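Per-entry structural report
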Protein chains: 2
Amino acid sequence: MRALTVQPGVAGSLAVEDVEDPRPGPGELLVDGLAVGICGTDKEIAAGEYGWAPPGAQRLVLGHESLGRVREAAAGSGFDPGDLVVGVVRRPDPVPCGACAHGAFDMCRNGEYTERGIKQLHGYASQSWSLAPDYAVRLSPDLGDVGVLVEPTSVVAKAWAEIEAIGNRSWFEPERVLVTGAGPIGLLAAMLGRQRGLDVHVLDQVRNGPKPDLVADLGATYHCEGFDAAVAGGRPDVVIEATGAAPLVLDAMEATAAYGIVCLTGVSTPGRSVSVDAGALNRSIVLENDVVFGSVNANLRHYGLAAEALAAGDPGWLARLTSRRVPLESFAEAFEERDGDVKVVLDLQ
Amino acid sequence: MRALTVQPGVAGSLAVEDVEDPRPGPGELLVDGLAVGICGTDKEIAAGEYGWAPPGAQRLVLGHESLGRVREAAAGSGFDPGDLVVGVVRRPDPVPCGACAHGAFDMCRNGEYTERGIKQLHGYASQSWSLAPDYAVRLSPDLGDVGVLVEPTSVVAKAWAEIEAIGNRSWFEPERVLVTGAGPIGLLAAMLGRQRGLDVHVLDQVRNGPKPDLVADLGATYHCEGFDAAVAGGRPDVVIEATGAAPLVLDAMEATAAYGIVCLTGVSTPGRSVSVDAGALNRSIVLENDVVFGSVNANLRHYGLAAEALAAGDPGWLARLTSRRVPLESFAEAFEERDGDVKVVLDLQ
């Protein structure tokens, strides 16, 4: 079968090639791959900056934002041929840390987890793949192509679950939310904010393209004149930072209302030094009981929340998040940055 | 009666003077003041850098770390003459914000709270004071003089309650705790960490004086060779930052183990700019699911937790935290910094 592979650590090594068909282990599902979404982590791996091949292998099958249809399912697996499924990305180490042993592998303590398409396990960018039922999430058939958004939505569902768990340590009725960055993560975070009935503001740099309308069509407010303008109308109770841009991270920490919560989701590049009045920053965080936290990855529960959130969304709006569908053999086009791109999806069929 | 007063905003205006006796309102307690503890906030007010007199008044009675004995209590107040009591510091605005309306005045959203001895309400540094029973905390008579530590312990009890609430958003079994600063807040935070059975490390600058022994006698480990040495033996799961020193705040944010929690409690002075690799800091917070949060003040529940924690502590160790007791009339001595000081207490009787 055909698969998109890469040699981790080697820039420009991305290729579609023939690889062996998957051999499902006992009880595992055999799944026909329908699509994979491409995200910043895939681009980092393609650039040779991240990623690990499986032990003994030189190349890694890429792809962690999956969508597939079950071809074969063992009796008792809980799945049937024809089911629309998404595979979870992360797996605990066989000798799990305390968090992984309790199903909280998204909070792994020792870093010994593996991740399909990223770290030591082949990904989902192939025409078929095998999947343990414990790491498969069944989707409503109505979701269709939008199911490829389950993985990025799981990241956002986790972020919101964390915001609520942290906020509920005391009285918490947030009103205003600022999302920085109108990429797929930012837009999905905004959608989940709107589903909670909140006053959602989204900050991005671009004035044109689909983002302003996507934000407006959620019933949220789009801002493109910088951070200060975005908070001029009121300090946000919650900020979801989805750019990883260092100055925005620091702006967000200082800009929240009292009892503010900043959720950082953007994986930034080290080496960007900025001058900070750390005394003022600390004083403001302390005197306002503010919280800044990071959120990455998701566990099985968050995938379920993500599937629910997508099912509750507007299918037309969700379909517009996929700005391009690229056939597997033309993979290079999917890794190009083009004006107006939100999510680019590789079509595996 | 005699009281320690200050003209907020005017350095050097601290004085003991005659003020009117308190006139308890309906249902209020009349309390004989036994002692007040002096903390950094009192010194900031004495230096003219903080504090607000009551509306219409020029001067503020100082003192928020209280200890008193009930002289008169109305029937049905729930208190009896002779009861050892501490007064809560903060009061919600008469038109409360949502948090204050739910008893979470420590998380006040609009800043319209008042605080005895700090903001618009006279404090407890007088020979007697009145107190609404809703803001009075009865102590076990066994606690004696140590009761003056209830207010600083309430700050620490809140910090720990927050750490646990935030940590319990997922699997949380912390082992190693680092407390930066061995002042009263740091030492009490360390005590509460030891009461939880944790491996507690305390970092301070001094090599001599009572702090190293106070830490050792808790069964904790004292460090005075800098931050890096204090974390060389293992990354802490929890950091309680109790200095407000800008470099330590930033060190703490980067040094925690995965799923680390940094609780900032030190109120630092703005104007200290440092260069930060904000990209690396953000990346580390995100990829490790770390949390940094500020905690200030305490509500009624935390005062109760504080009284319990002190009752469970070693009375001899707790007594050693008060390094000096200064008579009210010699107040100036209580505001001097002396080698070996931990907590300095003004004796009101």
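Calculation notes
- Residues numbered from 1 in each chain as written.
- Chains lettered and ligands numbered in written order.
- Predicted model: local features only at pLDDT ≥ 70, side-chain atom pairs only at ≥ 80, totals over all residues.
- Heavy atoms only, no water.
- Helix = DSSP H or I, 4+ residues; strand = E, 2+ residues; numbered from the N terminus.
- Rg over C-alpha atoms; globule rule 2.2 N^0.38 Å.
- Buried < 20%, exposed > 50% of the residue type's maximum accessible area, 1.4 Å probe, protein only.
- Contact = heavy atoms within 4.5 Å.
- Areas by Shrake-Rupley, 256 points an atom, 1.4 Å probe, with all protein chains shown as cover.
- Lys, Arg positive; Asp, Glu negative; His and termini not counted.
- Charge placed at Lys NZ, Arg CZ, Asp CG, Glu CD.
- Pairing = 2+ DSSP bridges.
- Domains from an automatic or database assignment.
- Buried area = accessible area lost by both parts, 1.4 Å probe.
- Salt bridge = Lys/Arg side-chain N within 4 Å of Asp/Glu carboxyl O.
- Polar contact = N/O pair within 3.5 Å; in protein donor to acceptor, adjacent residues only side chain to side chain.
- Right-handed = clockwise from strand over helix to strand, strands pointing away.
- Nonpolar A, V, L, I, M, F, W, Y, C, P; charged D, E, K, R; others polar.
- Axes fitted to C-alpha atoms, helices over the stretch in contact; angles between N-to-C directions.
- Parallel < 35°, antiparallel > 145°, perpendicular 65-115°, else oblique.
- Expected span 1.5 Å × (residues − 1).
- Phe/Tyr/Trp six-rings, centres within 6.5 Å; stacked < 30°, edge-to-face > 60°.
- Lys NZ or Arg CZ within 6 Å of the ring centre and 35° of its normal.
- Least-squares fit on C-alpha atoms with pLDDT ≥ 70 in both.

1. Overview of the overall build of chain A
- Regarding its fold elements, chain A presents eleven helices and 20 strands.
- Whereas a compact globule of 349 residues would reach a radius of gyration of roughly 20 Å, chain A reaches 20 Å, a difference of no more than 12%.
- Its C-alpha atoms give chain A principal-axis dimensions of roughly 55 × 45 × 40 Å.
- Classification of the 349 residues of chain A by burial places 59% in the buried group.
- Residue pairs in contact within chain A that sit at least 24 positions apart in sequence constitute 70% of those at least 6 positions apart.
- Of the roughly 13100 Å² of accessible surface on chain A, a fraction of 48% belongs to carbon and sulfur atoms.
- Taking the average place of the 28 positive charges on the side chains of chain A and the average place of its 47 negative ones, the gap between the two points comes to 1 Å.

2. Side note on the sheet that holds strand 7 (residues 90-91) of chain B
Residues and elements named next belong to chain B.
- A sheet is described by the order of its strands in space; here three strands give the open sequence 7-8-9, paired in mixed fashion. Each edge of the open sheet is held by one strand with a lone partner, namely strand 7 and strand 9 (120-121).
- Bridge analysis of strand 8 (residues 114-116) against strand 9 gives two bridges, and the strand direction is parallel. Bridge pairing in strand 9 places E115 opposite Q120.

3. Details of the domain arrangement of chain A
All names here are of chain A.
- Each assigned domain of chain A is listed with its residue range as follows: domain 1 (2-138 + 314-347) and domain 2 (154-294).
- Using only C-alpha atoms to locate each centre, domain 1 and domain 2 end up separated by 28 Å.
- Facing the ten residues of domain 1 at the interface are 13 residues of domain 2.
- Carbon and sulfur atoms make up 72% of the area that domain 1 and domain 2 hide from each other, which totals about 1000 Å².
- Contact with domain 2 buries area across many residues of domain 1, yet W317, R320 and V342 alone supply 53% of it, more than any other trio.
- A salt bridge links R320 to D217, with the nearest nitrogen and oxygen atoms 2.9 Å apart.
- Summed over the shared surface of domain 1 and domain 2, the number is three residue pairs in polar contact (both at pLDDT 80 or more).

4. A word on the pairing of strand 15 (residues 238-241) of chain A
Residues and elements named next belong to chain A.
- Residues V238 and I240 point to one face of strand 15 and V239 and E241 to the other, with burial holding for every one of them.
- Sheet topology places strand 12 (residues 176-180) next to strand 15; four bridges connect them, and they run parallel. Counted as the bridge partner of T180 is E241 from strand 15.
- Two strands pair when backbone bridges link them, and strand 15 and strand 16 (residues 261-264) are joined in this way by four bridges, in the parallel orientation. Residue pairing across strands places V238 opposite I261, the latter belonging to strand 16.
- Handedness of the crossover is the feature at issue here: the chain leaves strand 15, passes through helix 7 (residues 246-255), returns alongside strand 16, and the resulting connection is right-handed.

5. Let's talk about the interface of chain A and chain B
- The interface of chain A with chain B comprises 54 residues on the first partner and 54 residues on the second.
- In total, about 4600 Å² of surface goes out of reach between chain A and chain B, with carbon and sulfur atoms giving 58% of it.
- Among the residues of chain A in contact with chain B, R109, W171 and R283 of chain A are the three that bury the most area, contributing 16% of the side total.
- A salt bridge links E44 of chain A to R283 of chain B; its shortest N-O distance comes to 3.5 Å.
- Across the chain A-chain B interface, the total number found is 28 residue pairs in polar contact (both at pLDDT 80 or more).
- The set of elements that each furnish at least two residues to the side of chain A that touches chain B consists of helix 2 (98-101), helix 3 (150-167), helix 7, strand 17 (273-277), helix 8 (278-287) and strand 18 (291-294) of chain A.
- The biggest single contributor to the side of chain A that touches chain B is helix 8 of chain A, with eight residues.
- Residues of the side of chain A that touches chain B, tallied by class, amount to 28 nonpolar, 16 polar and ten charged.
- In this sheet, strand 17 (residues 273-277) of chain B lies alongside strand 17 of chain A in antiparallel orientation, the contact comprising five bridges. Looking at the pairing, S273 of chain A lines up with D277 of chain B of strand 17 of chain B.

6. Here's the deal with the packing of helix 3 of chain A against helix 9 (residues 300-312) of chain A
Residues and elements named next belong to chain A.
- It is the contact of helix 3 with helix 9, at a shortest axis distance of 7 Å, that shows an interaxial angle of 105 degrees. Taken together, helix 3 and helix 9 sit at an angle that is classed as roughly perpendicular. Side by side, helix 3 and helix 9 meet where V150, E151, T153, S154, A157, K158 and A161 of the first sit next to R301, H302, Y303, L305, A306, A309 and L310 of the second.
- Among the residues forming the contact of helix 3 with helix 9, the class breakdown is eight nonpolar, three polar and three charged.

7. Some details on helix 4 (residues 184-195) of chain B
- Across its twelve residues, helix 4 of chain B extends 16 Å between first and last C-alpha, which sits within 8% of the 16 Å expected from 1.5 Å per residue.
- In the segment just after helix 4 of chain B, G197 of chain B is the residue with positive phi, at about 75 degrees.

8. Some details on the sheet that holds strand 1 (residues 2-6) of chain B
- The strand order 2-1-4 (chain B) describes an open sheet built from three strands, whose pairing is antiparallel. Lying at the two open borders of the sheet, with one neighbouring strand each, are strand 2 (15-18) and strand 4 (60-61) of chain B.

9. What to know about the packing of aromatic side chains
- Applying the stated criterion across every chain yields a total of eight aromatic pairs over all chains.
- Between the aromatic rings of Y50 of chain A and W52 of chain A, the centroid separation amounts to 5.0 Å while the plane-to-plane angle is 70 degrees, which identifies the pairing as edge-to-face.
- Among the residues examined, W52 of chain A registers a relative accessible area of 36% and is labelled partly exposed.
- Over the ring of Y113 of chain A we find K119 of chain A, and its NZ or CZ is 4.5 Å from the ring centre.
- The ring of W52 of chain B is capped by K119 of chain B, whose NZ or CZ atom sits 5.8 Å from the centre of that ring.

10. What about the relation of the copies chain A and chain B?
- The two copies are related by a screw motion: chain A maps onto chain B through a turn of 180 degrees and a shift of 0.0 Å along the axis, at an RMSD of 0.0 Å. A rotation of that kind, with that shift, is consistent with a two-fold axis. Rotation axis and chain A: the residue whose C-alpha lies nearest the axis is S275 of chain A, separated from it by 2.2 Å.
- Both copies share a contact surface, since 100% of the interface residues of chain A are interface residues in chain B too.

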